[in-house]
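For reference, the chains in residue letters:
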Amino acid sequence: MSVKTLEILEQLKSLTTNETTQLVKQIEATFNVDSSTPKLVRIGKRDEDEIQPQIQTEFDVLLVSVPAEKKITLLKVIRTLTGMGLKEAKDFVDSLPQVVQSGLDQEAAEALKQQLEETGAVVSLK
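Residues numbered from 1 in each chain as written. Predicted model: local features only at pLDDT ≥ 70, side-chain atom pairs only at ≥ 80, totals over all residues. Heavy atoms only, no water.

Where an unreviewed UniProt entry is consulted, the chain appears under the name Large ribosomal subunit protein bL12, with the organism given as Nostoc cycadae WK-1. Of the chain, the UniProt comment under Sequence similarities (unreviewed entry) reads exactly: "Belongs to the bacterial ribosomal protein bL12 family." UniProt lists a comment for the chain under the heading Function (unreviewed entry), and it reads "Forms part of the ribosomal stalk which helps the ribosome interact with GTP-bound translation factors. Is thus essential for accurate translation." (UniProt positions renumbered as here; feature names shortened; annotations may be inferred.)

**Some thoughts on the overall build of the chain**
Helix and strand content of the chain: six helices and three strands. Start at the N end of the chain and walk to the C end: the helices and strands fall as α-α-α-β-α-α-β-α-β. The buried share of the chain, reckoned over its 126 residues, is 16%. In the chain, of all internal contacts separated by at least 6 residues, the share reaching a separation of at least 24 is 64%. (Helix = DSSP H or I, 4+ residues; strand = E, 2+ residues; numbered from the N terminus. Buried < 20%, exposed > 50% of the residue type's maximum accessible area, 1.4 Å probe, protein only. Contact = heavy atoms within 4.5 Å.)

**Focus: unusual backbone geometry**
In the segment running from Leu 96 into Pro 97, the intervening peptide bond is cis, with an omega of 5°. When you line up the elements, Pro 97 lands in the loop between helix H5 (86–94) and strand S2 (98–104). Backbone geometry at Asn 32 places phi at a positive 55°, although glycine is not the residue there. Inspection of the secondary structure assignment puts Asn 32 in the loop between helix H2 (17–31) and helix H3 (48–51).

**A closer look at the packing of helix H4 (residues 71–82) against H5**
At a closest axis distance of 9 Å, the pairing of H4 and H5 adopts a crossing angle of 120°. Regarding the angle of H4 to H5, the classification is oblique. The way H4 lies across H5 gives a crossing that is right-handed. On the side of H4, the interface is formed by Lys 71, Leu 74, Leu 75, Ile 78 and Arg 79, while H5 contributes Leu 86, Ala 89, Lys 90, Phe 92, Val 93 and Asp 94. By residue class, the composition of the contact of H4 with H5 is seven nonpolar, no polar and four charged. (Axes fitted to C-alpha atoms, helices over the stretch in contact; angles between N-to-C directions. Parallel < 35°, antiparallel > 145°, perpendicular 65-115°, else oblique. Left-handed = near helix turned anticlockwise from the far one by under 90°. Nonpolar A, V, L, I, M, F, W, Y, C, P; charged D, E, K, R; others polar.)

**Considering the nonpolar core**
Val 61, Leu 63, Leu 74, Ile 78, Val 93, Val 100 and Leu 116 are the most contacted members of the largest nonpolar core, which totals 18 residues. Among the secondary structure elements, those contributing two or more residues to this core are strand S1 (59–65), H4, H5, S2 and helix H6 (106–117). In terms of residues, this core owes the most to one element, H4, which gives four residues. (Core = buried A, V, L, I, M, F, W, Y, C linked by side-chain atoms within 4.5 Å.)

Written out as structure tokens, the structure reads:
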């Protein structure tokens, strides 16, 4: 360190708590910085989550669209799958895209997707 830096450091050590607080406020205002927001710096090895890729285990089945001529068939399937009444199922299909079921394993999600696609619907997994 330079002599000037050492002198400033010694002067800072002699300040009271109140004087230090005022100095910090003046430095923040003068240099347009904020000392209250800590900056986190990661040092060392990476977390295990970063090293190993995440494998998706839960899927949401998203009903994207349905052709108008297949709407009635889809309503029947939606009612069977969700237990909705006719009005709820109609409102559901009219407000696409909608999640039909969420939190399914891959096998169940693929089976549900296939069942919906058989009615002519466009379905995606998320």
